Amino acid sequence: MELIDKLSILADAAKYDASCASSGAPKRSSRGKEGLGSSNGMGICHSFTPDGRCVSLLKVLLTNFCLFDCQYCVNRRSSNVPRARFTPEEVVRLTLSFYRRNTISGLFLSSGIIRSSDYTMEQMIQVAKLLRETHQFRGYIHLKAIPEADPKLLEEAGRYADRLSANIELPTLTSLKTLAPEKELGTIHAAMGHMRQGIDAANDDARQDARQSVRSGNSKRQAPRYAPGGQSTQMIVGADATDDRTILKSAQRLYRDFRLKRVYYSAFSPIPERPAGLPQAAPPLLREHRLYQADFLIRSYGFQAEELLNAPGNLDLEIDPKLAWALAHRDDFPVDLNRAEPAMIARVPGIGLRSVQRLVDLRRLRRIRYLDLVALRCRLDTLRPFVITQDYRPTDACQDSTRLRQSLTAPQPAQMALW
Amino acid sequence: MRSAPISSAPCVAWANDFDEWREQARRLLQAGTPPASVTWHDGNDSHDDLFSSPRALENPPSSRKPSSTPIRIGRDQLTLLRNAARYRTQDYDQPRWPLLYQVLWRLARGDAAAAHAADADGRVLHQRWHAVKREAHHMHAFLRFHRRDDALGERYIAWFEPAHDVLDLGAEHFADRMGGSRWIIATPQGGASWNGSVLDYRDPCPATWASEARTAAARTSASHTRVDDDHALWRTYFVSTFNPARLNHKVMTQHMPQRFWRHLSEGDLIPAMEAKARHGGQRLAQESSVGQRRGKALPPRREAQDGARDQAQGVAKS
Ligand code: SF4
């Protein structure tokens, strides 16, 4: 089979993984060195496909042959799809070629399970090793960790990769049992635990190095790197009946227990020859979007999953989770921007993290006025009932939440479209 | 800060770039010349007939005794001024030098709010800097190299049309990224080349660079496959990684403005992909060309497709 045919099959098979980030890698440069590639912590989207997704990495499977039969997966062994397999050298050639043309910032390699989990993991490591050692490639590498593989192999993978990810796919034991009978939640968690240990240990060593290098004046770092971009995972949304509260609570647990960098949510995409028991239609992409918003509030704004959804069920599709929380907690508002703690300002709907910092800076210089919110481009329509400034007090502060909600959602009745 | 003398004698100052502006501004500030007394001319401004004029201060304020206190502004504030100056103003925009001087004047008098994003002046600088950062990022993202080897070996060339003055920001980035590979970046204004160890900036861009780069960038679809066939591989990848079940035109164009499509080798594919997804291809995530190939379901318990048959037991749990 020609390389171009393999590429079309194995890229198509890999696109169900939502992650394509190239951020979080340490600073690397190839200036004046053998080899190719750089990273500076910031990801780059080199293109966008018409689905609005960022193309940052060459995202392919090494092979889409697979021994497993996960029902939601297009590559399951019972699926009637064309199959292909790259050699490690072919993946290397594509990565370097695309990288030189500046169409990607690195590689995200995953694979179906062939022969055994260990063998498959070894094959993926081989690609990363060729790139890093033979070609001195300093771009981004994300490797899929196969949970069932030997922990020693995960350790080796972490030395070449910027990021490792083991996909949880389904957040509950029961759904994993019915839809992915060969996978075990315990094994996935164990693998995440191994990776966390590796990352923590490398970070400790790096800190020690930093201290020592200050003392000895030697700035060269000694500690071996281990997945410096951290680990991530993915959960499929809408393949079964699991609700948003369960999904967010398990995401929260993953952030806490394994210090994941990111949890990705992937709205289940209809696949050819859908097995019985899977939904016919995709869930609304808006649901996926709301989950990302809630996830962001948990990671960066100090919200708890239980605050965003205090009873079983799904997030409100009509309004974003921050506004929903504010409407349910009217007693905490309005917030006086000249006095409130930064963490409370961050809870005001319509004010983002960057604006919080700017408001805190500004009030050290002078009192905050309503026009400052205009200048900072905060979402005025949303925040109006929730803030007090030197020259402004909401007139609708005592309006009840149901009425307020109506007035906040009224101007955009057709908000069901995608973000 | 009241101690600085104020000189209100009107004067005229010229600057082509930030460093020239900084030099002039320093002298004006030391002489205590308020913003309202300075008329600035900008070499970048096409309406300014600069070439007939001397590049210096007219009515230099040096006749007055300059204030001896050195002017100090924060590093962040200097960064803000320098980067906001990279913004190419339109006719309806406030010209850059008077705005920068106005902010500098206020900062030097202790009015730190002048550089804040909520300030009437500071806000404009922040918006400009934001636009500049975004454009530099666009350059890192959407510039495309085309391979054009010469007698010395591997060599890459790119054409890019930046909306603001970010060529050097891009060139530094690519010097880190491309290591020993030689390249040239040509733009409608300046050009930069990298020979594997040294960056060479030219303003204006040499005509030979520009024409070679434009020709390379103008080739799309079929012609790619002849000159640099790896762009054909890239086009295949782009089509295959697209999920037609999630069509979202708005988000795509928000992140990748259409003015860049012309010079992306995948740019001409986008309208067709969207049209196909809208007309039926949207039900499945799979790309239709893959769906048309002969499929292969694998028998249960059959271990490996590449011939190995080990671990009959271990595999199910492996
Ligand atoms: S193991 Fe991975 S590739 Fe194989 S069927 Fe399951 S999800 Fe798909």
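Residues numbered from 1 in each chain as written. Chains lettered and ligands numbered in written order. Predicted model: local features only at pLDDT ≥ 70, side-chain atom pairs only at ≥ 80, totals over all residues. Heavy atoms only, no water.

## Remarks on the overall build of chain B
Test applied: Each helix is a run of DSSP H or I of at least 4 residues and each strand a run of E of at least 2, with the numbering of both proceeding from the N terminus. Any two residues whose heavy atoms approach within 4.5 Å are treated as being in contact. All accessible areas in this document rest on Shrake-Rupley with a 1.4 Å probe, and a residue is counted as covered only by the protein chains that are shown.
The helix and strand inventory of chain B stands at 12 helices and seven strands. Expressed as a percentage of contacts within chain B between residues at least 6 apart in sequence, the contacts between residues at least 24 apart total 69%. For chain B, the computed accessible surface area is about 15,700 Å², with 50% contributed by carbon and sulfur atoms.

## Quick word on the domain arrangement of chain B
Residues and elements named next belong to chain B. The test is simple: Domain start and end points were adopted from an automatic or database domain assignment. When two parts are put together, the accessible area they lose, computed with a 1.4 Å probe and summed over both, is reported as buried area. For this analysis, a salt bridge means a side-chain nitrogen from Lys or Arg found within 4 Å of a carboxyl oxygen belonging to Asp or Glu. Identification of polar contacts relies on pairs of N or O atoms within 3.5 Å, with a donor-acceptor requirement for protein atoms, meaning one able to donate a hydrogen and the other able to accept it, and with residues adjacent in sequence counted only if both atoms are side-chain atoms. Residue polarity is assigned by list, with Asp, Glu, Lys and Arg as charged and Ala, Val, Leu, Ile, Met, Phe, Trp, Tyr, Cys and Pro as nonpolar; anything else, Gly included, falls into the polar class.
Segmentation of chain B into domains returns domain 1 (11-134), domain 2 (143-218) and domain 3 (229-291). Across the contact, seven residues belong to domain 1 and eight residues belong to domain 2. Both faces considered, domain 1 and domain 2 share a buried interface measuring about 690 Å² in area, 37% of it formed by carbon and sulfur atoms. Three residues, Arg-86, Arg-88 and Val-132, lead the burial of domain 1 against domain 2; their summed loss comes to 83% of the area buried on that side. The salt bridge involving Asp-165 is made with Arg-88; its shortest N-O contact spans 2.7 Å. Taken together, the connections running from domain 1 to domain 2 amount to seven residue pairs in polar contact (both at pLDDT 80 or more). Looking at the side of domain 1 that touches domain 2 residue by residue, the classes come out as three nonpolar, one polar and three charged.

## Structural notes on unusual backbone geometry
To be explicit about the condition: Relative accessibility under 20% of the residue-type maximum defines a buried residue, over 50% an exposed one, and the middle range a partly exposed one, all with a 1.4 Å probe and only protein chains included.
Each neighbour pair has its own omega, and for Phe333(A) with Pro334(A) the value is -5°, a cis peptide bond. The amide bond that connects Asp203(B) to the next residue, Pro204(B), takes the cis arrangement and shows omega of 5°. Positioned with a positive phi, Asn102(A) is a non-glycine residue whose angle comes to about 65°. By the secondary structure assignment, Asn102(A) is in the loop between helix H2 (88-100) and strand E4 (106-110). Residue Asn102(A) is classed as buried on the basis of its relative accessible area of 1%. Unlike most non-glycine residues, Arg377(A) shows phi in positive territory, near 60°. As for its position among the elements, Arg377(A) is in the loop between helix H13 (370-375) and helix H14 (380-383). Look at Arg377(A) and you get exposed, because its relative accessible area is 61%.

## Section: the sheet that holds strand E5 (residues 182-186) of chain B
Remark on secondary structure: sheet strands pair via backbone hydrogen bonds, oriented parallel or antiparallel. Residues and elements named next belong to chain B. Put simply, the rule is: What makes two strands pair is DSSP finding at least two bridges between them. Orientation is described by axes fitted as lines to C-alpha atoms, over the contacting stretch for helices, and by angles from 0 to 180 degrees between their N-to-C directions.
Across the sheet, which stays open at both edges, the five strands sit in the order E3-E4-E5-E6-E7 with mixed pairing between neighbours. Both outer strands of the open sheet, strand E3 (146-147) and strand E7 (199-202), are each paired with one neighbouring strand and no more. Two strands pair when backbone bridges link them, and strand E6 (residues 191-194) and E7 are joined in this way by four bridges, in the antiparallel orientation. For Trp-194, the partnering residue across the bridge sits in E7 and is Leu-199. Across the sheet, helix H5 (residues 167-178) touches strand E4 (155-159), E5, E6 and E7, and the angle it forms with E7 is around 155°.

## A few points about the interface of chain B and chain A
If you look at the interface, chain B gives 86 residues, while chain A gives 86 residues. In total, chain B and chain A occlude about 7,300 Å² of area from one another, counting both sides; carbon and sulfur atoms represent 56% of this. Among the residues chain B hides against chain A, the three largest losses belong to Arg177(B), Tyr237(B) and Arg246(B). Together they make up 12% of the total. Here chain B is connected to chain A by five salt bridges. In this structure, Arg31(A) engages Glu172(B) in a salt bridge whose closest nitrogen and oxygen atoms are separated by 2.8 Å. Contributing elements (two or more residues each) for the side of chain B that touches chain A: helix H4 (122-142), H5, helix H8 (230-241), helix H9 (249-255), helix H10 (270-278) and helix H12 (314-317) of chain B. By residue number, the principal contributor to the side of chain B that touches chain A is H8(B), which donates 10 residues.

## Observations regarding the nonpolar core
Put simply, the rule is: Nine residue types can take part in a nonpolar core, namely buried Ala, Val, Leu, Ile, Met, Phe, Trp, Tyr and Cys, and a core is a set of them joined through side-chain atoms within 4.5 Å.
Ile351(A) and Trp183(B) are the most contacted members of the largest nonpolar core, which totals 161 residues. Not counting chain neighbours up to four residues away, the residues in contact with Trp183(B) comprise Phe145(B), Tyr156(B), Ala171(B), Phe174(B), Ala175(B), Met178(B), Ala192(B), Ser193(B), Trp194(B) and Leu199(B). Counting 27 residues, the second largest nonpolar core, distinct from the first, contains Cys11(B), Ala13(B), Leu28(B) and Ala115(B).

## Overview of the environment of Arg299(A)
Residue and element names in this part refer to chain A. Secondary-structure assignment places Arg-299 in helix H8 (residues 285-300). Exposure remark for Arg-299: the relative accessible area of 33% places this residue in the partly exposed category. For the pair Arg-299 and Arg-405, spaced 106 residues apart in sequence, the C-alpha separation works out to 26 Å. Once residues within four sequence positions are removed from consideration, Arg-299 is found in contact with Tyr-255, Lys-261 and Arg-262. Reaching out from Arg-299, the side chain makes a polar contact with the side chain of Tyr-255 at a distance of 3.5 Å.

## Section: the pattern of salt bridges
Residue and element names in this part refer to chain B. Tallying each qualifying case throughout the model produces 42 salt bridges over all chains. A salt bridge links Arg-82 to Asp-19; the shortest N-O distance between them is 3.6 Å. With Arg-82 in helix H2 (residues 75-84) and Asp-19 in helix H1 (residues 18-30), this pair connects stretches of sequence that are 63 residues apart. Judged by its relative accessible area of 47%, Asp-19 falls in the partly exposed class. For Arg-155, the salt bridge identified is with Asp-150, shortest N-O distance 3.8 Å. Classification of Asp-150 by relative accessible area gives partly exposed; the value is 32%.

## Looking at the packing of H2(B) against H4(B)
All names here are of chain B. To keep it simple, the criterion reads: Oblique is the label for any angle not covered by the other classes, which are roughly parallel (under 35 degrees), roughly antiparallel (over 145) and roughly perpendicular (65 to 115). Two helices cross in a left-handed way if the nearer one is turned anticlockwise from the farther one by less than a right angle. They cross in a right-handed way if the turn is clockwise.
Packing of H2 against H4 brings their axes to within 8 Å, and their N-to-C directions diverge by 65°. Compared by their axis directions, H2 and H4 come out roughly perpendicular. In the packing of H2 onto H4, the handedness of the crossing is left-handed. Every residue of H4 that contacts H2 at Thr-79, Leu-80, Leu-81, Asn-83 and Ala-84 is listed here: Leu-125, His-126, Arg-128, Trp-129 and Val-132. When its residues are assigned to classes, the contact of H2 with H4 shows six nonpolar, three polar and one charged.

## A word on the pairing of strand E5 (residues 140-144) of chain A
Residue and element names in this part refer to chain A. Burial of E5 is extensive: five of the five residues sit out of reach of the surface. Of the two faces of E5, both are covered, the one formed by Tyr-140, His-142 and Lys-144 as well as the one formed by Ile-141 and Leu-143. In this structure, E4 lies alongside E5, joined through four bridges in parallel fashion. Residue pairing in the sheet places Leu-109 in a bridge with Leu-143 of E5.

## Observations regarding the side chain of Arg132(A)
Residues and elements named next belong to chain A. As for its position among the elements, Arg-132 is in helix H3 (residues 117-134). For Arg-132, a relative accessible area of 16% puts it in the buried group. Leave out the neighbours within four places in its chain, and Arg-132 touches Arg-28, Phe-137, Arg-138, Gly-139, Ile-141, Tyr-160 and Asp-162.

## Points about the packing of helix H1 (residues 3-12) of chain A against H2(A)
Residue and element names in this part refer to chain A. With their axes 12 Å apart at the nearest point, H1 and H2 run at an angle of 85° to one another. For the element pair H1 / H2, the angle class is roughly perpendicular. Listed contacts from H2 to Leu-3, Lys-6 and Leu-7 of H1 are Glu-90, Arg-93, Leu-94 and Phe-98. Partitioned by chemical class, the residues of the contact of H1 with H2 number four nonpolar, no polar and three charged.

## Points about the sheet that holds E4(A)
Residues and elements named next belong to chain A. Spatially, six strands are ordered E3-E4-E5-E6-E7-E8 in an open sheet, and the strand pairing comes out parallel. The sheet terminates laterally at strand E3 (58-61) and strand E8 (262-267), the two strands that pair on one side only. Across the sheet, the mean angle from the axis of one strand to that of its neighbour is 20°, orientation sign disregarded.

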